[in-house]
Every structure is written in structure tokens, then in C-alpha cells.
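Okay, here's what each chain looks like letter by letter:
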Amino acid sequence: MSDAPRIEKLIEDTVKRTVVSLIENPECFVQPEWLTSAQAASYLGLTDKGMEEMRRAGRGPQFSRPSHRVLRYRKADLDAYLEAHLIAPGG
């Protein structure tokens, strides 16, 4: 006996639950302009610890520190940091 109908039903149910979840939580579609250190690290392909080390060394993209415990990176600044570190082929 084929498992295909059971698998199709499982896929259909999973897709329905996912769509309902996305509709009920539209904020998941919004990309914030200001990212946490963990989000910025992920965006750059680094670890959170790597971002912290760059900050301590005075390297890396600029950031905002609205309070002692909070810091944020603007996505445009992350893009500018990446652009500033482009290397031409063979360079």
C-alpha cells in the first residue's frame, strides 16, 4: 500500500498551518531597519561573538547604543560596511 496519500495530506496540513501562522503574524514579513547584534551578525555571516570582538577592537560597522544594555545596527550601515570591503577578483 502506498504512503503517497498520507504524505500528501501531511504536506497539505503543514502548508495550511504555515499560511495561517503567517497571516496571523504579519510582523514576520517586516524587516526592521535597526537590527540587534545577533541579527546583524547573522546578516553578515558572522557569529554574535565575532560581532562583539569587532566592536571591542574598534572595527566593524557603526552602531547605535541608545542605552548601556541596548545596541542596534542599521541595515544600511551593514550594507555600507560590506561594500567598503569588496575585493576585486585577483585583488
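Look up: the structure comes first, before these words.
Here goes a summary of the coordinates provided. Remember, it's a predicted structure, so these values are computed and weren't measured experimentally.

Rules used throughout
- Residues numbered from 1 in each chain as written.
- Predicted model: local features only at pLDDT ≥ 70, side-chain atom pairs only at ≥ 80, totals over all residues.
- Heavy atoms only, no water.
- Pairing = 2+ DSSP bridges.
- Helix = DSSP H or I, 4+ residues; strand = E, 2+ residues; numbered from the N terminus.
- Salt bridge = Lys/Arg side-chain N within 4 Å of Asp/Glu carboxyl O.
- Buried < 20%, exposed > 50% of the residue type's maximum accessible area, 1.4 Å probe, protein only.
- Core = buried A, V, L, I, M, F, W, Y, C linked by side-chain atoms within 4.5 Å.
- Contact = heavy atoms within 4.5 Å.

Pairing is antiparallel across the open sheet formed by 3 strands, whose spatial order is S1-S3-S2. Both edges of this open sheet fall to strand S1 (34-35) and strand S2 (64-67), since each of them pairs with a single strand only. The sheet contact formed by S1 and strand S3 (residues 70-74) spans 2 bridges and is antiparallel. Each bridged residue has a counterpart across the sheet, and for Trp34 the counterpart in S3 is Arg74.

Moving on to the pattern of salt bridges. Tallied over the entire structure, the rule returns 7 salt bridges. When the shortest N-O distance is used, the salt bridge between Lys16 and Glu12 registers 3.1 Å. With Lys16 and Glu12 both in helix H1 (residues 4-24), this residue pair falls 4 residues apart, about one helical turn. We classify Lys16 as partly exposed; its relative accessible area is 48%. Among the ionic pairs, Asp79 bridges to Lys75, the shortest N-O distance being 3.3 Å. One end of the pair, Asp79, and the other, Lys75, are both in helix H4 (residues 75-84), 4 residues apart, so they sit about a helical turn from each other.

Formed by Leu35, Ala40, Ala41, Leu44, Met51, Met54, Leu71, Tyr73, Leu78 and Tyr81, the largest nonpolar core amounts to 10 residues. Contributions of two or more residues to this core are made by helix H2 (37-44), helix H3 (48-56), S3 and H4. With 3 residues, the top contributor of residues to this core is H2. Those residues in contact with Leu35, other than ones at most four positions away along the chain, are Ala40, Leu71, Arg72, Tyr73 and Leu78.

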